[in-house]
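Coordinates in review
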Amino acid sequence: MWNIAVASANPAKINAVKQCFQNNFPEQAVKVSGFAVASGVAEQPLTSAETLLGAQNRLQALKLQTVADYYVAIEAGLDIDMTFAWMLIEHDGKLGKARSASLMLPPAALHLLAEGIQLGDAMDQLFGTTNIKQAGGAIGLLTHNQLSRASVYQQALTLALIPFLNPQRF
């Protein structure tokens, strides 16, 4: 059984990681555990570089906290008027990374973000939801649930697995 550690206690992120590994390695039993670790960046990263740094910091903190076969860090952030997330997966010293699809945010959400409110809280305020970041996320709200945070994360996580799916090439 592979032990997979996720640098988050967020059920949406943990479930996305579990689904990704089950889909990509169906013959392999996995145990996925989440750990709350600090990103070392702003609660709402405002650039791709800051978001990537947050994911890197989470990955390093996770490795100090537990022992696992795979370490996974997901950090969501902004890039101008869009939101996305960086995915990092480490296994045996090898790193895989990918950036999720980006989605435009409504001007009202961008205004709240400029005031220092986190995206999940801004979306809850605008849409009358509660804790949307641990459910379908802004993605679910803005796509009328055609996509979810977990589904978009699963795709990006699969891309981050490329070095492990093709070890002879990496």
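So, here is what we can say about the structure in this document. The residue numbers shown here count from 1 along each chain, following its written sequence. Confidence filtering applies because this is a predicted model: local features only for residues at pLDDT of at least 70, side-chain atom pairs given and counted only at 80 or more, and all residues used for totals across whole chains, interfaces and linings. Excluded from the side-chain calculations are hydrogens and water; all other atoms, namely the structure's heavy atoms, are used.

**A look at the layout of surface pockets**
In this model, the largest pocket occupies a volume close to 640 Å³. Working definition: helices are DSSP H or I runs of at least four residues, strands are E runs of at least two. Numbering for both runs from the N terminus. Residue assignment for the lining of the largest pocket shows that the elements contributing at least two residues are β3 (70-79), β4 (82-91), α4 (119-127), α5 (137-142) and α6 (149-160). Looking at the lining of the largest pocket element by element, the count peaks at 4 residues for β3. In this count, Pro and Cys sit with the nonpolar residues alongside Ala, Val, Leu, Ile, Met, Phe, Trp and Tyr, while Asp, Glu, Lys and Arg are called charged and the others, Gly among them, polar. A class-by-class count of the residues in the lining of the largest pocket yields 19 nonpolar, 11 polar and 6 charged. Definitions used for this entry: grid spacing 1 Å over protein atoms alone; cavity, a set of points where a 1.4 Å probe fits but cannot get out; pocket, an open set with protein on both sides within 12 Å along at least 5 of 7 lines; lining residue, one with an atom within 4 Å of a point. Grid points are joined across faces, edges and corners, and a volume is the space filled by probe spheres set on the points.

**A few points about the environment of S148**
Along the chain, S148 falls in the loop between α5 and α6. With 12 residues separating them in the primary sequence, S148 and G136 have C-alpha atoms 4.6 Å apart. Residues count as neighbours in contact if any of their non-hydrogen atoms are within 4.5 Å of one another. Look past the residues within four positions of S148 in its chain and what remains in contact with it is G136, I139 and G140.

**Considering the packing of helix α3 (residues 107-114) against α4**
For helices, the fitted axis covers only the stretch in contact; all axes are lines through C-alpha atoms, and the angles between them, taken along N-to-C directions, range from 0 to 180 degrees. Packing of α3 against α4 brings their axes to within 9 Å, and their N-to-C directions diverge by 130°. Regarding the angle of α3 to α4, the classification is oblique. For the pair α3 and α4, the crossing hand works out as right-handed. Residues A108, A109, L112 and L113 of α3 form the contact with α4, whose participating residues are L119, A122, M123, Q125 and L126. Of the residues assigned to the contact of α3 with α4, the class counts are 8 nonpolar, 1 polar and no charged. Comment on the angle field: the value is read as roughly parallel under 35 degrees, roughly antiparallel over 145, roughly perpendicular from 65 to 115, and oblique elsewhere. By the definition used in this description, the sense in which the near helix is turned from the far one sets the handedness, with an anticlockwise turn below a right angle giving left-handed and a clockwise turn giving right-handed.

**Re the pairing of β4**
Judged by how many residues are buried, β4 sits mostly within the fold: 9 of 10 residues are covered. We treat two strands as partners when DSSP finds at least two bridges between them. The pairing of β3 with β4 spans 9 bridges and is antiparallel. When the sheet's bridge partners are listed, I74 is paired in β4 with M87. Turn length for the β3-β4 hairpin, with the two strands adjacent in sequence and antiparallel, is 2 residues, and the turn residue I80 shows positive phi of about 65°. Examined bridge by bridge, β4 and strand β6 (residues 103-104) share 2 bridges and lie antiparallel to one another. Bridge assignment links T83 to a residue of β6, and that residue is L103. Alignment of β4 against strand β5 (residues 94-99), held across 6 bridges, turns out to be antiparallel. Bridge pairing in β5 places M87 opposite A98. Connecting the antiparallel pair β4 and β5 is a turn made up of 2 residues, with D92 showing a positive phi of about 50°. Residue burial is assigned from relative accessible area. The probe radius is 1.4 Å, only protein chains are included, and a residue is buried under 20% of its type maximum, exposed over 50%, and partly exposed in between.

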